[in-house]
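# Commentary on secondary and tertiary structure
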Amino acid sequence: MDLQTFMKDRKKLVEDALFSYMNAVKAPEVLLESMNYSLKAGGKRLRPLLVLATLKSFGKSEELGMPVACAVEMIHTYSLVHDDLPSMDDDDFRRGKPTNHKVFGEAMAILAGDALLTHSFEVMEDLLNYDVKPIKVVTLMKELAKAAGPTGMVGGQVADMEGEGAQLSLQDLEYIHRNKTGKLLGYSIVAGAILGDATEEQISKLEQFADHLGLAFQIRDDILDIEGDAAKIGKPVGSDTLNEKVTYPSLLTMNGAKEKLEYHIKEAKRILEEIPLESDLLGQLCDLIAKRDH
Ligand SMILES: CC(C)=CCC/C(C)=C/COP(=O)(O)OP(=O)(O)O
Ligand SMILES: C=C(C)CCOP(=O)(O)OP(=O)(O)O
């Protein structure tokens, strides 16, 4: 199947599902407005698409992946709302729009982020309505908590903050990116595989695949922060330099960063070839990530 068609169709399905989960929430109006503002601001919906593409690669109905796809996008959106706060990156634009705290104020942005995070676990419970066994639902929830929490994204964000202005090694930088960005991307793939009844061996290979994909995604992000077009990426370029962040180009030079990106994409595709899959969507996603302009 062609990736462009897949992404266009599924993006709409994911957004419909996301908004239908949100429409069912009874909460103070301003909180819902703030949560919806960031959820509806757009974004590539890459993590949900990874869940669905992996399920399809195992020949399973993608509908089954919708609760996980939406939960992951809610957690990703919360992380961006908090990442933009004055106490963190202090950014004014995200997804081409003023950041959440610029519109709703800092306190509401913090609470909207908290609400998106906690609500995501309630959304996961919907898996039971797709006849997923309770033990599998618990495993998927536990893995999500691990990927998003102190041993994953939050831990990576702390290492990122502590590394600002410091002299980091490539190993330090990889730790940050594996956790801050890689773990949630990896979870999206592994969750799709778990729902697709993948074997332990296939899951372990997909974890290695996701590791390379996550690092490649972040290297491209660092490159776009220098070479990207602000209108396309929906946020100003040069913020890493402004925040004195160590990046792949700053450590390895721009050419070195591009070589590293190529290496991780090549490795990801090599590992993918070792798993018999029913579609080439994940392989096509590698190419898309390597060349993305937003
Ligand atoms: C617990 C929290 C708040 C986690 C934030 C995770 C995350 C991936 C932030 C964006 O990273 P970035 O700052 O490298 O990207 P961008 O340039 O898009 O802000
Ligand atoms: C992890 C990073 C680098 C933050 C942005 O993630 P995305 O590039 O997936 O952001 P959206 O498309 O969801 O806005």
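Below or above, wherever it landed, is the structure these notes cover. (Residues numbered from 1 in each chain as written. Chains lettered and ligands numbered in written order. Predicted model: local features only at pLDDT ≥ 70, side-chain atom pairs only at ≥ 80, totals over all residues. Heavy atoms only, no water.)

## Observations concerning the overall build of the protein chain
Helices and strands together make up the secondary structure of the protein chain, namely 14 helices and two strands. For 294 residues, the compact-globule estimate of 2.2 N^0.38 gives 19 Å, and the C-alpha radius of gyration of the protein chain, at 18 Å, lies within 12% of that figure. A principal-axis box enclosing the C-alpha atoms of the protein chain has dimensions of 50 × 50 × 35 Å. Burial analysis of the protein chain (294 residues in total) assigns 55% to the buried set. In the protein chain, the proportion of contacts linking residues at least 24 apart, taken out of those at least 6 apart, comes to 75%. For the protein chain, the accessible surface area stands at approximately 13,400 Å², while carbon and sulfur atoms represent 54% of it. Positive and negative side-chain charges of the protein chain, numbering 34 and 48 respectively, have mean locations separated by a distance of 4 Å. (Helix = DSSP H or I, 4+ residues; strand = E, 2+ residues; numbered from the N terminus. Rg over C-alpha atoms; globule rule 2.2 N^0.38 Å. Buried < 20%, exposed > 50% of the residue type's maximum accessible area, 1.4 Å probe, protein only. Contact = heavy atoms within 4.5 Å. Areas by Shrake-Rupley, 256 points an atom, 1.4 Å probe, with all protein chains shown as cover. Lys, Arg positive; Asp, Glu negative; His and termini not counted. Charge placed at Lys NZ, Arg CZ, Asp CG, Glu CD.)

## Overview of the site of ligand 1
Around ligand 1, the neighbouring residues are Y78, S79, H82, D83, D89, R94, M153, V154, Q157, K180 and K235. One nitrogen or oxygen atom from the side chain of R94 is found 2.8 Å from an oxygen atom belonging to ligand 1. At 2.5 Å from an oxygen atom of ligand 1 is found a side-chain nitrogen or oxygen belonging to K235. Per element, the largest residue contribution to the shell around ligand 1 is four residues, and it comes from helix α4 (residues 66-83). Class assignment of the residues belonging to the shell around ligand 1 gives a composition of three nonpolar, three polar and five charged. (Near = heavy atom within 4 Å. Polar contact = N/O pair within 3.5 Å; in protein donor to acceptor, adjacent residues only side chain to side chain. Nonpolar A, V, L, I, M, F, W, Y, C, P; charged D, E, K, R; others polar.)

## Overview of the nonpolar core
In terms of nonpolar packing, the biggest core is built from 85 residues, with V68, Y187, L206 and F209 touching the most fellow members. No other element matches the 11 residues that helix α9 (residues 170-195) contributes to this core. (Core = buried A, V, L, I, M, F, W, Y, C linked by side-chain atoms within 4.5 Å.)

## Quick notes on empty space enclosed by the protein
Evaluation of the coordinates by the stated rule reveals two cavities of 30 Å³ or more. As a volume, the largest cavity reaches approximately 100 Å³. If you trace the largest cavity, you find 13 residues lining it, with S38, A41, V81, R94 and R95 closest to the centre. Listing elements by their share of the lining of the largest cavity, those giving two or more residues are α2 (29-39), α4 and β2 (97-98). In terms of residues, the lining of the largest cavity owes the most to one element, α4, which gives three residues. The computed volume of the second largest cavity comes to approximately 40 Å³. Lining the second largest cavity are M88, D89, Q157, D160, M161, E164 and K245. Each residue belonging to the lining of the second largest cavity can be placed in one class, and the counts come to two nonpolar, one polar and four charged. (1 Å grid on protein atoms, 1.4 Å probe; cavity = no way out; pocket = protein on both sides within 12 Å on 5 of 7 lines; lining within 4 Å. Points joined across faces, edges and corners; volume = space filled by probe spheres on them.)

## A short note on the layout of surface pockets
Counted as a void, the second largest pocket has a volume near 470 Å³. A total of eight residues in the lining of the second largest pocket trace back to one element, the largest contributor, which is α9. Of the residues that constitute the lining of the second largest pocket, the class distribution is seven nonpolar, six polar and seven charged.

## Examining the packing of helix α1 (residues 3-23) against α2
Between α1 and α2, the shortest axis-to-axis distance is 11 Å and the interhelical angle comes to 175°. In terms of their interaxial angle, α1 and α2 are classed as roughly antiparallel. The segment α1 lies against α2, with L18, F19 and M22 engaging L32, M35, N36 and L39. By residue class, the composition of the contact of α1 with α2 is six nonpolar, one polar and no charged. (Axes fitted to C-alpha atoms, helices over the stretch in contact; angles between N-to-C directions. Parallel < 35°, antiparallel > 145°, perpendicular 65-115°, else oblique.)

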